[in-house]
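Fold and geometry: a report
Each chain, letter by letter, is given below.
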Amino acid sequence: MMIPVRCFTCGSVVGQHWEDFKARAVEGEEDPGAVLDDLGVGRHCCRRMMVSHTDLVDIVAPYQ
Amino acid sequence: MSTEPNSVADAEYDVTFIERGPERARFLIRGITPAFANGIRRAMVADVPTMAIDTVRVVENSSVMFDEQIGLRLGLVPLSTPPGEFEVGESVTLSLDVSGPDTAYSGDLVSAEDLVQPTVDGVPIIDLKEDQRLEVEAEAVLGRGESHAKHQGGIAVGYRHLQRVEEVGDLDAYDAEESHVLRGVIEEDGELIATEEFDHDLRERYPGKELAVEDVPDAFVFHVETDGSMTVEELVSEAIGSLEARAAELREAVQL
């Protein structure tokens, strides 16, 4: 659905990095690891929040 | 930790900062017991109250998410909480009104109180399509981390022993060197070195040396991060203040 606001494990706020990460690493060509380092998402618990996320809002939208 | 001149100097505690930022810091405290170190850690996580949205009145929600999902997401948005300004249980009203096609962000929250504002503006709450609209009124309440994780001011708060590394001799020239991974901060002749400097591998810093590594008694390196609701300094001094308040309460209860 939407990117979780916080990391499930440590509670650090990660949601604000998603749009950047998506543009640069998911749709862009940059290396995901380097982008996460650049965004300051350092712990692997927070990194998996971004790496494993899929936006489903657009898929769900027609079925309201 | 307090900035008052007499508090640190008068006690036998010795605090050294290794890394110091507003929302992230590492510091060494000497002269505390493991129990006290853990007390401070637990107070930072569970005892320092922060503001978080707790009740949401939904005026209109035609988005694809249920009201309670929106409520959870709003609750997790960190809100600035100046220490001492509010009592636990006191509330502040915030409102959010976004019409699609647009994305509702945490920064769209409008607070009735200047002191309590979302500290991160760019968290997407919900993506709204054509004809979708989200209008809510929310009550943020001051609560403690022990009641809900959204009230935790400290994130990934922990501590490690300070480790002392000494060279005790040379390794046999024909021995295969094994990696010696260490994380945290080491002390070498009184000098503090973060292990990041040598990629956490002692072999990088002391090639061909035989080493003795031991924990320094009663010296702990704290790693403290906050969610932005207050600075590290405020968080640590509030945590220590809460321990002090508990001790005072106990003394009062013990006296007849």
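Parameters and conventions
- Residues numbered from 1 in each chain as written.
- Chains lettered and ligands numbered in written order.
- Predicted model: local features only at pLDDT ≥ 70, side-chain atom pairs only at ≥ 80, totals over all residues.
- Heavy atoms only, no water.
- Domains from an automatic or database assignment.
- Contact = heavy atoms within 4.5 Å.
- Buried area = accessible area lost by both parts, 1.4 Å probe.
- Salt bridge = Lys/Arg side-chain N within 4 Å of Asp/Glu carboxyl O.
- Polar contact = N/O pair within 3.5 Å; in protein donor to acceptor, adjacent residues only side chain to side chain.
- Helix = DSSP H or I, 4+ residues; strand = E, 2+ residues; numbered from the N terminus.
- Buried < 20%, exposed > 50% of the residue type's maximum accessible area, 1.4 Å probe, protein only.

All names here are of chain B. With domains assigned, chain B is organised as domain 1 (2-48 + 154-245) and domain 2 (51-147). Taken together, the 10 residues of domain 1 in the interface contact 10 residues of domain 2. In total, domain 1 and domain 2 occlude about 700 Å² of area from one another, counting both sides; carbon and sulfur atoms represent 51% of this. In this assembly, domain 1 and domain 2 are joined by 0 salt bridges. The interface formed by domain 1 and domain 2 contains 4 residue pairs in polar contact (both at pLDDT 80 or more). Only α2 (34-47) and α5 (232-254) provide two or more residues apiece to the side of domain 1 that touches domain 2.

With that out of the way, let us pick up the pattern of salt bridges. Throughout the structure, instances matching the rule amount to 27 salt bridges over all chains. Residues Asp38 of chain A and Arg24 of chain A are paired through a salt bridge, measuring 2.9 Å at the closest nitrogen-oxygen approach. A residue pair is termed long-range when its members are at least 10 positions apart, and Asp38 of chain A in helix α2 (residues 32-39) and Arg24 of chain A in helix α1 (residues 18-26) qualify at 14 residues. With a relative accessible area of 22%, Arg24 of chain A lands in the partly exposed category. With its nearest N and O atoms 3.0 Å apart, the salt bridge here joins Glu214 of chain B to Arg164 of chain B. One end of the pair, Glu214 of chain B, is in strand β12 (residues 209-226); the other, Arg164 of chain B, is in strand β9 (residues 154-170), and 50 residues separate them in sequence. Taken together, the shared-partner salt bridges in this structure form one network comprising Arg43 of chain A together with Glu19, Arg24, Arg26, Glu196 and Glu225 of chain B.

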